[in-house]
Amino acid sequence: MWGICFLDSSRRIALLRLTTSLPRRLRWWVAAGAALVVSAVGVAVALPAASVPQAMTTLDSACTRIIFGIPFYLDPCVPESEPLPEDMGPWIDDIRHIIDCTGAEVQPYEPISLAATAFPTMTQTATSVPTPTGVPPTATVPPTPTADPSQPPTSSPTGSPSESPSPCPSPTVPPTVPPTSPPWTPPPTSAPPSSPPPTSIPPSPSPEPCVTSSATPMAERAGVNSPKDKEEDRVCKKPEDAAKDAVLVATGDSVTSAYHQTASADSTDCTKNNSAQDARKLPGNDMMFSYAGRYYNMNKNISEYYNFARVGFSTDDIIKAGAAKTDSCANPWNRVKPPLDLADDAVKAAKRAGKKAFFVTTGGINNTNWTTILTQFALCQGLEVLTDAFKATVFSTNQTSFQWWAKQVLPGKPDKIIDNGGGCRATWWVNRGPFWPPLLLNPIRIGIPAYDGPGSGANESALSKQIPGDAKTIVNTMLAAGADKVVWMLYYSIIPATVDLKAAVSDVLGSYPGIKYLKNIVPAIFNLGDASLVPVALVGRIRQLEKDLNDAIKAQLPVNAKLVAQPAPALGAGDIQKTVPMGCPHPNGKGHDKLAAALKAAIGE
């Protein structure tokens, strides 16, 4: 049977069917009746609930799930009540085969809990690093197919890994650790995060609050629970030329609101992950950091500036958001009317006062799942680079692997993921020298959904299909209110964006046991630089989808001399935030300066 371990996948599976393991395979086929869930779209693996303990989450959507004794880190989480995705069957099958061939041990299950602060404290893992001599560490060994014949198979009877090398090491060139003193350093009791510790992000400075009917300052009124009027989102200054007095009104999403993550963090909680805020105390929304706020400061004759944009708002939210609606940073909208209605009130009030009224907005990206796709791609990019770095060390066996996968195209490539959905998988095997078997670190799977916005064909969501009609409604409402200029800022390209890979794997995934183990034995591989957010294979597809989104926004806009659909300026890597998990690919200060200049050109003043 050991000879089978050194064959390629297809020959190995064929040979297995002719060997003495036949009785065991027959028992697996009997168990398959209870294990396989056949649906109209494919085959998934259903595991007994008893084999999967309650998951412990790291980030909001991830969990650890134990399958055949092996802890798998899944992001997004696949609840124990649901069957496993079809791509996992062949993957699990390969992992169990390697364990059979090599006698590998498995990193023990370690519950992962939400970090108490934005940056986790690194501590020694449950499995200490072994030395080449002495007593081997205790490890959890998963059941093999012969240990428990009643367990179901891990994949479809015909499923097998495709386009992958033989998982077992060649018997002629075994990976070894130099027999001298251990090349690793003792695991530290704590290690600093890759970014500086979080500090309280002070609100951005803003002009003095406008004179209102309330004597309470804006920042204090923001804490009152009752819904508020448009003045809560307003700042004022004296115009340089009273004859040219104007009001600027903004609605939109995180580009206009504007989202600014000052440092990467292991959290999507905007109160803990270095999300900036302004005097309104709404983390994730900084109206003076925004291009709209910069244009307000640039144009000395704008006396009032309203910003009703919120991070994560869709075009539907701009039109309909109620007081209880929360933005992506969990801030309630908490206003007496939806953003568009407040903008309508502000423009009409400006015209009654004899002032010019300028309106600007962004919108549409949050009608799609684009932000989720980008976040998961950033994690995959980090894992791919980290895996390559680990494979180049003596601590890795030749089974360590990183693999992109796409639905319907297994194992797949990144260029299929946008349309089909997919993700990536990292499997790390630690070489513990010639005397002890390899150690499997908890495997990790990052899922990426299929894009559901304009240009996605049958995948397009109902909310995405609203974009043309919603854009028309927003623009016509502002024109009817009397706005002197209505500007829709179209989206810039994210293709030049770079992401902080070191933070992506060291901070965002820092509490994951496999990452902690690698930090302890080979910390040098975490000295990762920045890398392109968009894989090269996806550049053409993403460029087309960016065009499709902007085209959807413009599709039903009226022809009007007061309306400008403003093309975005070209933003470079230095104009886009690189922080994770939420900063990239929002504009940074330089990017907002370029957008402010484009807004000035559109308004003409």
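Everything here concerns the structure above.
About the cut-offs
- Residues numbered from 1 in each chain as written.
- Predicted model: local features only at pLDDT ≥ 70, side-chain atom pairs only at ≥ 80, totals over all residues.
- Heavy atoms only, no water.
- Helix = DSSP H or I, 4+ residues; strand = E, 2+ residues; numbered from the N terminus.
- Buried < 20%, exposed > 50% of the residue type's maximum accessible area, 1.4 Å probe, protein only.
- Contact = heavy atoms within 4.5 Å.
- Pairing = 2+ DSSP bridges.
- Polar contact = N/O pair within 3.5 Å; in protein donor to acceptor, adjacent residues only side chain to side chain.
- Disulfide = S-S within 2.5 Å.
- Salt bridge = Lys/Arg side-chain N within 4 Å of Asp/Glu carboxyl O.
- Axes fitted to C-alpha atoms, helices over the stretch in contact; angles between N-to-C directions.
- Phe/Tyr/Trp six-rings, centres within 6.5 Å; stacked < 30°, edge-to-face > 60°.

From N to C terminus, the chain includes 16 helices and 18 strands. Residues counted as buried form 56% of the 605 residues belonging to the chain. The contacts in the chain between residues at least 6 apart in sequence include a share of 75% that link residues at least 24 apart.

Glancing now at the sheet that holds strand β12 (residues 429-430). Overall, mixed pairing links the three strands, which are arranged β5-β13-β12 in an open sheet. The two strands at the open ends of the sheet, each matched to only one other strand, are β5 (105-106) and β12.

With that settled, the discussion passes to unusual backbone geometry. Cis geometry is adopted by the peptide bond preceding Pro581, which originates at Val580 and carries an omega value of 5 degrees. Among the secondary structure elements, Pro581 is positioned in the loop between β18 (563-566) and α16 (589-603). Residue Pro585 is reached from Cys584 by a cis peptide bond, and omega for that bond is 5 degrees. Within the secondary structure layout, Pro585 lies in the loop between β18 and α16. One non-glycine residue, Lys281, adopts positive backbone phi at about 60 degrees. Its place among the elements puts Lys281 in the loop between α5 (254-257) and α6 (291-298). The phi angle at Asn334 is positive, at roughly 50 degrees, despite the residue not being glycine. With respect to the secondary-structure elements, Asn334 resides in the loop between α7 (315-320) and α8 (339-352). Here Asn334 falls in the buried class, since its relative accessible area comes to 14%.

What follows covers the side chain of Asn274. Relative to the elements of secondary structure, Asn274 occurs in the loop between α5 and α6. There is a polar contact of 3.1 Å between the side chain of Asn274 and the backbone oxygen of Ala263.

Within the structure shown, the criterion is met by three disulfides. The disulfide bridge from Cys270 ends at Cys329, spanning 2.0 Å between sulfur atoms. Handedness here is read from the sign of the S-S torsion; for Cys270 and Cys329, about -60 degrees, the answer is left-handed. Highlighted residues: Cys270 in the loop between α5 and α6 and Cys329 in the loop between α7 and α8, separated in sequence by 59 residues. Neither residue differs from the other here; Cys270 and Cys329 are each classed as buried. Between the sulfur of Cys380 and that of Cys424 lies a disulfide, 2.1 Å long from S to S. Here the S-S torsion is close to -90 degrees, and the disulfide linking Cys380 with Cys424 is therefore left-handed. Of this pair, Cys380 sits in helix α9 (residues 370-391) while Cys424 is found in strand β11 (residues 422-427), placing the two residues 44 residues apart along the sequence.

This part takes up the pattern of salt bridges. Applying the stated rule across the entire model yields 23 salt bridges. The salt bridge involving Arg280 is made with Asp233; its shortest N-O contact spans 2.7 Å. In this pair, Arg280 is assigned in the loop between α5 and α6 and Asp233 in the loop between α4 (218-221) and β6 (234-236), connecting sequence segments 47 residues apart. An identical accessibility class is assigned to Arg280 and Asp233; each is buried. Residue Lys578 pairs with Asp530 through a salt bridge whose shortest N-O separation is 2.7 Å. You can see Lys578 sitting in the loop between β18 and α16 and its partner Asp530 sitting in strand β17 (residues 530-532), a full 48 residues away along the chain.

What the six strands build is an open sheet, ordered β6-β8-β7-β9-β15-β18; its pairing is mixed. Among the strands making up the open sheet, the edge pair consists of β6 and β18. Strand-to-strand twist across the sheet, computed as the mean angle between neighbouring axes with direction ignored, equals 15 degrees. Where strand β7 (residues 246-251) lies against strand β9 (residues 356-361), six bridges are found, and the strand directions are parallel. Opposite Val249, over in β9, you have Phe359 as the bridge partner. Relative to the sheet, α6 contacts β6, β7, β8 (302-307), β9 and β15 (485-489), its axis offset from that of β8 by approximately 175 degrees. Those strands touched by helix α12 (residues 467-481) are β9, β15 and β18, and its axis lies near 155 degrees from that of β15.

Another point: the packing of aromatic side chains. Per the stated rule, a full pass over the model turns up nine aromatic pairs. Aromatic pair Phe72 and Trp91: ring centres 5.2 Å apart, planes at 75 degrees, arrangement edge-to-face. You can see Phe72 sitting in strand β4 (residues 70-75) and its partner Trp91 sitting in helix α3 (residues 88-102), a full 19 residues away along the chain. The pair formed by Phe72 and Trp91 is uniform in burial state, with each residue classed as buried.

Without other data, these values stay purely geometric and don't point to any function.
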